[in-house]
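A look at the structure
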Amino acid sequence: MTTVTFHTQGSRITGFDAAGHSGYAEEGGDIVCAAVTSTVRLIACVLNDVMGLCAAVKVSEASARISLRLPGSLSQTAESTCQTLLTGMMVYLTELHGEYPDFIEVLEAE
């Protein structure tokens, strides 16, 4: 199962961890893993390559884990955009959980 944990401080999403293979299908044909991976990569690219924020991204292929943390001090506009993106990601993955409840879990941790 893939577990995506969103980290929060109050109402602020500070980042997320995504870990594990969903087990929906064999590697290379797993649509749940592909959906999660695409979402994670899109968010990381928008934050770092488009917005230039230098969010900390750590990838461990050996443990099938990726984590992302936002920088601490952002402008009001950047913070608002980040929160919108991460909230959208959370909603999308929660909907994916609704379709594939045995293969993806979405959690929040403070």
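Structure first, text after, so check above.
One structure accompanies this document, and this report is about it.

About the criteria used
- Residues numbered from 1 in each chain as written.
- Predicted model: local features only at pLDDT ≥ 70, side-chain atom pairs only at ≥ 80, totals over all residues.
- Heavy atoms only, no water.
- Phe/Tyr/Trp six-rings, centres within 6.5 Å; stacked < 30°, edge-to-face > 60°.
- Helix = DSSP H or I, 4+ residues; strand = E, 2+ residues; numbered from the N terminus.
- Buried < 20%, exposed > 50% of the residue type's maximum accessible area, 1.4 Å probe, protein only.
- Polar contact = N/O pair within 3.5 Å; in protein donor to acceptor, adjacent residues only side chain to side chain.
- Contact = heavy atoms within 4.5 Å.
- Salt bridge = Lys/Arg side-chain N within 4 Å of Asp/Glu carboxyl O.

**What about the packing of aromatic side chains?**
- Taken as a whole and judged by the stated rule, the model has three aromatic pairs.
- Both rings, one in Y24 and one in Y100, keep their centres 5.2 Å apart while their planes meet at 80 degrees; by these two values the pair is edge-to-face. Within this pair, whereas Y24 is found in the loop between strand 2 (12-19) and helix 1 (31-50), its partner Y100 is found in the loop between helix 2 (76-99) and strand 5 (104-109), the two being separated by 76 residues in sequence.
- Here Y24 falls in the partly exposed class, since its relative accessible area comes to 36%.
- Ring centres of Y24 and F103 lie 5.3 Å apart, and the angle between their planes is 90 degrees; on these two criteria the pair is classed as edge-to-face. With Y24 in the loop between strand 2 and helix 1 and F103 in the loop between helix 2 and strand 5, this residue pair connects regions lying 79 residues apart in the sequence.
- Under the relative-accessibility criterion, F103 is labelled partly exposed at 23%.

**As for the side chain of T2**
- By the element assignment, T2 lies in strand 1 (residues 2-9).
- Looking at T2, its side chain comes within polar contact range of the main-chain oxygen of G20, at 3.0 Å.
- Within the structure, T2 has its side chain in polar contact with the backbone nitrogen of S22 (distance 3.1 Å).
- Those residues within four positions of T2 in sequence are excluded, and the remaining contacts are A19, G20, H21, S22, C33, V36, F103, I104 and E105.

**What about the pattern of salt bridges?**
- Summed over the entire model, instances satisfying the criterion amount to three salt bridges.
- With its nearest N and O atoms 2.8 Å apart, the salt bridge here joins R12 to E79. With a gap of 67 residues between them, R12 in strand 2 and E79 in helix 2 connect regions that are remote in the sequence.
- Exposure remark for E79: the relative accessible area of 18% places this residue in the buried category.

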